[in-house]
Amino acid sequence: MEINFVTKKLRKQLASPQEMIKNFGADRAKRLNQRLEDLYAAANLAVLRSLPQTNCHELLGNLKGLFGA
C-alpha cells in the first residue's frame, strides 16, 4: 500500500526506527513502526479492517468513506 504523509517533517520523523525513537519515545515508536509495517504489508484497508488489533473502522457522518483507528 502506498502511504502519503501530510508534511515532509512527518515523513522524515517516520523514516526510520531511530528517528521515531528520537521524536516520539521508545514505546510510541515501537507501536508506530508496527502500524507502518502493517500498512505497507496490506494490499488495501479492507485487509486491516479484518485484524482486531488495528481497530480500523469506517467513520460516520460527513467523514463517511474515511477510516479511523
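Throughout, residues of each chain are indexed from 1 in the direction in which the sequence is written. The predicted nature of this model means local features are confined to residues of pLDDT at least 70 and side-chain atom pairs, given and counted, to a pLDDT of 80 or more, with totals for whole chains, interfaces and linings taken over all residues. Calculated side-chain values reflect all of the structure's heavy atoms, with hydrogen atoms and water omitted.

## Looking at the confidence of the model for the protein
Stage number 1. For the protein, per-residue confidence averages 85 on the pLDDT scale, and residues scoring 70 or more make up 99% of the total.
Stage number 2. For every residue, the predictor states its confidence as a pLDDT score lying anywhere from 0 to 100. Under the DSSP-based scheme used, a helix requires at least four consecutive residues in state H or I and a strand at least two consecutive residues in state E, with every element numbered from the N terminus. When the elements of the protein are averaged for pLDDT, strand β2 (residues 67-68) gives the smallest value, 70, and helix α2 (residues 17-24) the largest, 94.

## Side note on helix α3 (residues 26-41)
Stage number 1. Expected span of a helix, by definition, is 1.5 Å for each gap between consecutive residues, and there is one gap fewer than residues. Taking 1.5 Å per residue as the helical rise, α3 with its 16 residues ought to reach 22 Å, and the 22 Å between its terminal C-alpha atoms agrees with that figure.
Stage number 2. Summary of the burial criterion: residues with accessible area below 20% of their type's maximum are buried, those above 50% are exposed, and those between are partly exposed, where the area comes from a 1.4 Å probe applied to protein chains only. Within α3, the full set of buried residues consists of Ala29, Leu36, Asp38 and Leu39.
Stage number 3. Every residue pair with non-hydrogen atoms within 4.5 Å of one another is taken to be in contact. Each element contacted by the buried residues of α3 is listed here: α2 and α4 (45-49).

## Topic: the nonpolar core
Stage number 1. Residues belong to a common nonpolar core when they are buried Ala, Val, Leu, Ile, Met, Phe, Trp, Tyr or Cys residues joined through side-chain atoms within 4.5 Å. Within the largest apolar cluster, eight residues are counted, these being Leu14, Met20, Ala29, Leu36, Leu39, Ala42, Leu48 and Cys56.
Stage number 2. For this core, the element with the highest residue contribution is α3, accounting for three residues.
Stage number 3. If we skip the residues at most four places from it in the chain, Ala42 touches Met1, Val47 and Leu48.

## A word on the packing of α2 against α3
Stage number 1. With axes taken as lines fitted to C-alpha atoms, and helix axes fitted only over the stretch in contact, angles between N-to-C directions fall between 0 and 180 degrees. Relative to each other, α2 and α3 sit at 135°, their axes nearing to 8 Å. Taken together, the axis directions place α2 and α3 in an arrangement best described as oblique. Between α2 and α3 lies a crossing whose hand is right-handed. In this structure, α2 contributes Pro17, Met20, Ile21 and Phe24 to the contact, and α3 contributes Ala26, Arg28, Ala29, Leu32, Asn33 and Leu36.
Stage number 2. Along the lines of polarity and charge, the residues of the contact of α2 with α3 split into eight nonpolar, one polar and one charged. Any angle that falls under 35 degrees is termed roughly parallel, while one over 145 is termed roughly antiparallel, one within 65 to 115 roughly perpendicular, and all others oblique. Left-handed describes a crossing whose near helix is turned anticlockwise from the far helix by less than a right angle; the clockwise case is right-handed. Ten residues, namely Ala, Val, Leu, Ile, Met, Phe, Trp, Tyr, Cys and Pro, are considered nonpolar, four, namely Asp, Glu, Lys and Arg, are considered charged, and the remaining ones, Gly among them, are considered polar.

## Considering the pattern of salt bridges
Stage number 1. For salt bridges, the criterion is a side-chain nitrogen of Lys or Arg within 4 Å of an Asp or Glu carboxyl oxygen. According to the stated counting rule, one finds one salt bridge in the structure shown.
Stage number 2. Arg31 is the partner of Asp27 in a salt bridge, and the nearest nitrogen-oxygen pair spans 3.3 Å. Of this pair, Asp27 and Arg31 both sit in helix α3, four residues apart, which is roughly one turn of the helix.
Stage number 3. On the accessibility criterion, Asp27 (52% relative accessible area) is exposed.

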